[in-house]
Amino acid sequence: MREKYAIRRKQALLLIIDSILPRIKLVKALLKTNISDDETSPREKSQVNSKGSSDFCVKNIKQAEFGRREIEIAEQDMSALISLRKRAQGEKPLAGAKVVGCTHITAQTAVLIETLVALGAQCRWTACNIYSTQNEVAAALAESGVSVFAWKGESEDDFWWCIDRCVNMEGWQANMILDDGGDLTHWVYKKYPSVFKKVRGIVEESVTGVHRLYQLSKAGKLCVPAMNVNDSVTKQKFDNLYCCRESILDGLKRTTDVMFGGKQVVVCGYGEVGKGCCSALKALGAIVCVTEIDPICALQACMDGFRVLKLNEVVRQMDMIITCTGNKNVVTREHLDRMKNGCIVCNMGHSNTEIDVASLRTPELTWERVRSQVDHVIWPDGKRVILLAEGRLLNLSCSTVPSFVLSITATTQALALIELYNAPESRYKQDVYLLPKKMDEYVASLHLPNFDAHLTELSDEQAKYMGLNKNGPFKPNYYRYERGFKTPHIDYD
């Protein structure tokens, strides 16, 4: 009996070793490529994928295998997007579409890009944030034939160079734009006006980018239809709220190892992102207060149990300051000067304009990099302020975000592209539109099977009584699924 037991143990151990060894080899290979190539700018390297193409610029094409594993893991929790890919793959609704995209380049975004390719689109892609790119994922996309120009830690010059390389390709002209933040749209509008005029549609997913689109529209300079995905229900109520509720804690823990219990925290902005951040921090015992310009959002914060104050009233006492407004100069040098030693400052909005980081780059202040994406800014008296990701988006710069929530946003983006690309010319004018309610509901329905959820169906009598179609839409366009109304976009400049 003992001999049989020993043999079984040995067999089980061998099986475990066999399953682990390939992963160990992969990690070793990744470490070797990271060590050997960290110092060389990708712009100075000549790289070719296995198909012989060099139409890309990534950190190291040799990381592609590791990136492919990351994408496969993300696909497991993005079943709705994969379902959309399978349903529409035969029809090729994006055949002929030439999509130029500027988003975070992560495993989850790669699933979206490969879905667009499967639906018939040609794609060229770059990153909307200089810190959020997963190098191995960018390599995997380049290996699969997607023209990607992005790597983690780009300079500002690199950032705009990558955008230009995406747009300026001989013999290839974009007819669709998928943007996150508006930088790509701005670049095409300014540098390539002839291309901009021929674009059939723009899909934008961020507060900042949507604000810029509304400015163009108001000035009469938006000559193509644009879809505001950021204010779609599926983006606002899931990505902005639930994603940030989880990823704010992940980003702060990874960078600072901070304990939240008893910490004094101020969250600037109580929109959907702010709500998610406040909810998560409060649940872990932090003492949270809020700053707001909108009386309705301020009242929501009060009813949720948060004090609403001005930043200059509480800045001296705070252990942590988090911005999520989409505005600029929310935290100024005056605020930073008054912060206490060890205060953590970070941003959960898309743009790096919310914290006045430029004002900290002066001779009297010392910057000390203590770990990746964590800087101690030291004042002459020895006070240290802990700045995360140089004021850029915390969660995607310093951690990761849940694949399931990004599946909701990515499915919404894919449907918006399909809608704009295939719509007759008379359907959309040169303006900014919200995603049709029916599409919002379709995106939500694709994700319900993950929870084994079963929708109740209206009877004919009930549908007639409510004045609804049994198949939806079930809410009017002005219904926003929230406790208050969203304030209109305001030009702060």
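Position numbers for residues count from 1 along each chain, tracking the sequence in the order it is written. Whole-chain, interface and lining totals are the exception, using all residues; otherwise, since this is a predicted model, local features are given only for residues with pLDDT of at least 70 and side-chain atom pairs are given and counted only at 80 or more. Excluded from the side-chain calculation are hydrogens and water; included are all heavy atoms of the structure.

Student: How should the layout of surface pockets be read in this particular structure?
Tutor: Unoccupied space between atoms shows up once a probe the size of one water molecule is rolled over them. The calculated volume of the second largest pocket comes to roughly 610 Å³. Helix numbering and strand numbering both begin at the N terminus, where a helix is a DSSP run of H or I of at least 4 residues and a strand a DSSP run of E of at least 2. Looking at the lining of the second largest pocket element by element, the count peaks at 7 residues for helix H17 (residues 437–447). Just so you know the grouping, Ala, Val, Leu, Ile, Met, Phe, Trp, Tyr, Cys and Pro go in nonpolar, Asp, Glu, Lys and Arg go in charged, and all remaining residues, Gly too, go in polar. Among the residues making up the lining of the second largest pocket, the classes are represented as 10 nonpolar, 4 polar and 7 charged. Here a cavity denotes grid points, spaced 1 Å and computed from the protein atoms alone, that fit a 1.4 Å probe unable to get out, and a pocket denotes an open set having protein on both sides within 12 Å along at least 5 of 7 lines; residues with an atom within 4 Å of a point are the lining. Grid points are joined across faces, edges and corners, and a volume is the space filled by probe spheres set on the points.

Student: Before we go on, may I ask you to explain the UniProt feature "binding site: substrate" (unreviewed entry) in the protein chain in this structure?
Tutor: UniProt positions are given in the numbering used here, feature names are shortened, and annotations may be inferred rather than shown by experiment. Mapped onto this structure's residue numbering, the UniProt feature "binding site: substrate" (unreviewed entry) falls at Thr 106, Asp 180, Glu 205, Lys 235 and Asp 239. Mapped onto the elements, Thr 106 comes out in the loop between strand E1 (98–103) and helix H4 (107–118). Working rule for contacts: check all heavy atoms of both residues, and any pair within 4.5 Å makes them a contact. Thr 106 has contacts with Ser 132, Gln 134, Val 137 and Leu 396, leaving out every residue within four places of it along the chain. Mapped onto the fold, Asp 180 is located in the loop between strand E4 (176–179) and helix H7 (183–191). Given a relative accessible area of 5%, Asp 180 falls into the buried group. Leaving out residues up to four positions away in the same chain, Asp 180 has contacts with Cys 102, Thr 103, His 104, Cys 128, Glu 204, Glu 205, Ser 206 and His 350. Partly exposed residues are those whose accessible area sits between 20% and 50% of the maximum for their type, while under 20% is buried and over 50% is exposed, using a 1.4 Å probe and protein chains only.

Student: Any chance you could explain the state of the cysteines here in plain terms?
Tutor: Where two cysteines share a covalent bond between their sulfur atoms, that bond is called a disulfide. To count as a disulfide, a pair of cysteine sulfur atoms needs to be within 2.5 Å. Throughout the structure, instances matching the rule amount to 0 disulfides. Lacking any disulfide linkage, Cys 57 is separated from the closest cysteine sulfur, that of Cys 162, by 5.9 Å. A residue is classified by how much of its surface remains accessible, and Cys 57, at 5% relative accessible area, is buried. Unpaired in terms of disulfides, Cys 277 finds its nearest cysteine sulfur in Cys 324, a separation of 4.8 Å. We classify Cys 277 as buried; its relative accessible area is 0%.

Student: Please explain the sheet that holds strand E9 (residues 307–308) as it appears in this structure.
Tutor: Backbone hydrogen bonds hold the strands of a sheet together, and the pairing may be parallel or antiparallel. When DSSP finds two or more bridges between a pair of strands, those strands are recorded as paired. On the basis of which strands lie adjacent, the open sheet formed by 8 strands has the order E9-E8-E7-E10-E11-E14-E13-E12 and mixed pairing. At either margin of the open sheet sits one strand with a lone partner, and together these are E9 and strand E12 (366–371). Two elements, strand E10 (residues 320–323) and strand E11 (residues 343–347), share 4 bridges in a ladder whose sense is parallel. Counterpart to Ile 321 in the pairing with E11 is Val 345.

Student: What exactly am I supposed to notice about the nonpolar core here?
Tutor: A general tendency of soluble globular proteins is for nonpolar side chains to be buried together. In this description, a nonpolar core means a group of buried Ala, Val, Leu, Ile, Met, Phe, Trp, Tyr and Cys residues linked to one another through side-chain atoms lying within 4.5 Å. If you look at the biggest cluster of nonpolar residues, it comprises 57 residues, and the most contacted ones within it are Val 99, Ile 105 and Leu 116. At the level of secondary structure, the elements contributing two or more residues to this core comprise helix H2 (64–76), helix H3 (79–88), H4, strand E2 (122–127), helix H5 (135–144), E4, helix H16 (403–422) and H17. Residue contacts for Leu 116: discarding those within four places in its chain leaves Leu 94, Ala 121, Cys 123, Trp 125, Leu 178, Ala 414 and Leu 417. Ranked by size, the runner-up nonpolar core spans 32 residues in total, among them Leu 249, Met 320, Met 348 and Ala 389.

Student: What is the right way to read helix H10 (residues 233–256) from this model?
Tutor: Count 3.6 residues to each turn of an α-helix, and residues three or four apart come out pointing the same way. What a helix should span is 1.5 Å times the count of its residues minus one. A rise of 1.5 Å per residue sets the reference length of H10, with its 24 residues, at 34 Å; its end C-alpha atoms lie 33 Å apart and thus fit the reference within 8%. Maximal helix bending in H10 amounts to about 45°, located at Cys 244. Two residues or fewer past H10, Asp 257 is found with a positive phi of approximately 55°. Think of it this way: the bend at a residue is just the angle between two axes, each fitted to seven residues, one set ending at that residue and the other starting at it.

Student: I'm lost on the sheet that holds strand E15 (residues 432–434) in this one. Help?
Tutor: Reading across the sheet, the 7 strands line up as E3-E2-E1-E4-E5-E6-E15 and stay open at both edges, with parallel pairing between neighbours. Pairing within the sheet leaves two strands with one partner each, and these edge strands are strand E3 (147–149) and E15. Each adjacent strand pair in this sheet contributes to an overall mean axis angle of 20°, direction not counted. Pairing of E4 with strand E5 (residues 201–204) involves 4 bridges; the strand directions are parallel. Opposite Asp 179, over in E5, you have Glu 204 as the bridge partner. Interaxial angle, 0 to 180 degrees, is taken between N-to-C directions of lines fitted to C-alpha atoms, where a helix line uses only the stretch in contact.

Student: Just to check I follow, could you spell out the packing of aromatic side chains for this structure?
Tutor: How two aromatic rings sit relative to each other is set out by the distance from centre to centre and by the angle between their planes. Classification of ring pairs uses Phe, Tyr and Trp, with its six-membered ring standing for Trp, and accepts pairs whose centres are within 6.5 Å; under 30 degrees between planes counts as stacked, over 60 as edge-to-face, and the remaining range as tilted. Enumeration over the complete set of coordinates arrives at 8 aromatic pairs. The interplanar angle of 75° and the centroid separation of 4.9 Å between the aromatic rings of Tyr 428 and Tyr 433 together place this pair among those described as edge-to-face. For Tyr 428, a relative accessible area of 12% translates into the label buried. One aromatic cluster in this structure is built from Phe 159, Trp 160 and Trp 187.

Student: Which parts of the structure should I look at to understand the pairing of strand E7 (residues 264–268)?
Tutor: Side chains on a regular strand alternate between the two faces of the sheet. By the criterion of burial, E7 is predominantly enclosed, with 4 of the 5 residues buried. Of the strand pairs in this sheet, E7 and strand E8 (residues 287–291) are connected by 5 bridges, and their pairing is parallel. The partner of Val 267 across the bridge, within E8, is Val 290. This β-α-β element, E7 to helix H11 (residues 272–283) to E8, shows right-handed connectivity. The definition of a right-handed crossover adopted here requires that, viewed with the strands pointing away, the path from the first strand over the helix to the second runs clockwise.

Student: What's the story with unusual backbone geometry in this structure? I'm lost.
Tutor: Backbone geometry follows two general trends: most residues other than glycine have a negative phi, and most peptide bonds adopt the trans configuration. The step from Gly 472 to Pro 473 runs through a cis peptide bond, and the omega angle for that step is 0°. Looking at the element boundaries, Pro 473 is found in the segment after helix H18 (460–466). Even without glycine at this site, Asn 329 takes up a positive phi of about 55°. Inspection of the secondary structure assignment puts Asn 329 in the loop between E10 and helix H14 (333–338). For Asn 329, a relative accessible area of 42% translates into the label partly exposed. If you check the backbone angles, Glu 390 has positive phi at about 50° while not being a glycine.

Student: Help me understand the environment of Thr 256 in this model?
Tutor: Checked against the element boundaries, Thr 256 lands in helix H10. When its relative accessible area of 19% is taken as the criterion, Thr 256 is described as buried. Along the backbone, Thr 256 and Val 374 are 118 residues apart, and their C-alpha atoms lie at a distance of 7.9 Å. Discounting residues that sit within four places of it in the chain, Thr 256 has contacts with Ile 344, Arg 371, Ile 386 and Leu 388.

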